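One letter stands for each residue in the lines below.
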Amino acid sequence: MSIKPLLAHEYKEYQVFNAHIHGVGELFVAIENDQLYLNISAPSESFLGFEHQASTQLEHSILDKTKAFLQQAKNIVTLEGGNCSVVVHELESTLFDQNIKDNHTHDPNHQATESSHSEITINSHYLCQNAAQLRSIKLALFSRFTELERLKAVVIDDHGQHSRIIDRDNPILIIK
């Protein structure tokens with residue numbers, strides 16, 4: 001049985017039952033043989049400072065710079081041990097599609113309504129020469145994105161499943 005479909009299934013189930021909380025995201029890690037899968041998801045507000053389609057020149061600039069930064073796997077995490085190389089690194093968000101119209105509504109105080117909530121998801125797949133030697137994953141996102149406060153981390157590996165909170169003060173997920 002492969003961990004990748006299990007990870008995707010658990011992630012979808014987790015997303016369905018959790019509320020969208022600004023500053024709080026999820027990190028799912030799956031290690032199987034010499035494959036490492038990372039999935040990071042957080043509200044767009046945590047990365048951009050807004051959750052609607054960019055409409056001003058400043059918002060477009062923030063969106064473009066953030067997307068360019070997140071497209072580089074080395075800007076997201078630093079892996080200690082395992083001698084791992086990126087195979088696939090993808091970003092997902094409706095905000096990255098500039099052709100989508102800004103159809104959400106705002107209340108009189110300009111706070112986004114429930115329908116405007118958006119997320120940014122980062123999916124990375126690494127091939128490791130020796131995944132058993134992977135000792136830790138350091139999240140570099142906290143130094144760049146001050147609105148990102150913490151990630152709820154879940155790790156699935158040959159030792160089972162465990163979880164913990166990763167935050168600005170402790171941005172390292174110990175694997176072994």
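Above this note sits the structure.
Note that the structure is predicted; figures quoted are calculated from it, not measured.

**With respect to the sheet that holds strand β6 (residues 136-139)**
Here's step 1: Read across the sheet, three strands follow the order β3-β6-β9 without closing on themselves; strand pairing throughout is antiparallel. Edge positions in the open sheet fall to β3 (77-80) and β9 (172-174), since each of these has one partner strand only. Geometrically, the sheet is characterised by an average inter-axis angle of 15 degrees between neighbouring strands, direction not taken into account.

**Things to note about the packing of aromatic side chains**
Here's step 1: A full pass over the atoms with the stated rule returns two aromatic pairs.
Here's step 2: Between Phe-47 and Phe-145 the ring centres are 5.0 Å apart and the planes differ by 85 degrees, which places this aromatic pair in the edge-to-face class. Taken together, the residues Phe-47 in helix α2 (residues 44-48) and Phe-145 in the loop between α4 (141-144) and β7 (150-157) connect sequence positions 98 residues apart.
Here's step 3: By relative accessible area, Phe-47 is classed as buried at 5%.
Here's step 4: Ring plane angle 80 degrees and centroid distance 5.7 Å describe the contact between Phe-69 and Phe-145, whose orientation is recorded as edge-to-face.

**Topic: the side chain of Thr-66**
Here's step 1: Position of Thr-66 among the secondary structure elements: in helix α3 (residues 57-70).
Here's step 2: Taking the relative accessible area as the measure of exposure, Thr-66 reaches 4% and is therefore buried.
Here's step 3: One polar contact links the side chain of Thr-66 to the main-chain carbonyl oxygen of Ile-62, over a distance of 2.8 Å.
Here's step 4: Those residues in contact with Thr-66 that sit more than four places away from it in its chain are Phe-47, Leu-48 and Phe-145.

**Observations concerning a nonpolar patch on the surface**
Here's step 1: Taken together, the side chains of Val-87, Val-88 and Leu-127 make up a nonpolar region of the molecular surface, amounting to roughly 230 Å² of accessible area.
Here's step 2: Inspection of the secondary structure puts Val-88 in strand β4 (residues 84-92).

Criteria and cut-off values
- Residues numbered from 1 in each chain as written.
- Predicted model: local features only at pLDDT ≥ 70, side-chain atom pairs only at ≥ 80, totals over all residues.
- Heavy atoms only, no water.
- Pairing = 2+ DSSP bridges.
- Helix = DSSP H or I, 4+ residues; strand = E, 2+ residues; numbered from the N terminus.
- Axes fitted to C-alpha atoms, helices over the stretch in contact; angles between N-to-C directions.
- Phe/Tyr/Trp six-rings, centres within 6.5 Å; stacked < 30°, edge-to-face > 60°.
- Buried < 20%, exposed > 50% of the residue type's maximum accessible area, 1.4 Å probe, protein only.
- Polar contact = N/O pair within 3.5 Å; in protein donor to acceptor, adjacent residues only side chain to side chain.
- Contact = heavy atoms within 4.5 Å.
- Patch = residues over 30% accessible without salt bridge, like charges linked within 9 Å, V, L, I, M, F, W, Y side chains within 5 Å.
- Areas by Shrake-Rupley, 256 points an atom, 1.4 Å probe, with all protein chains shown as cover.
- Salt bridge = Lys/Arg side-chain N within 4 Å of Asp/Glu carboxyl O.

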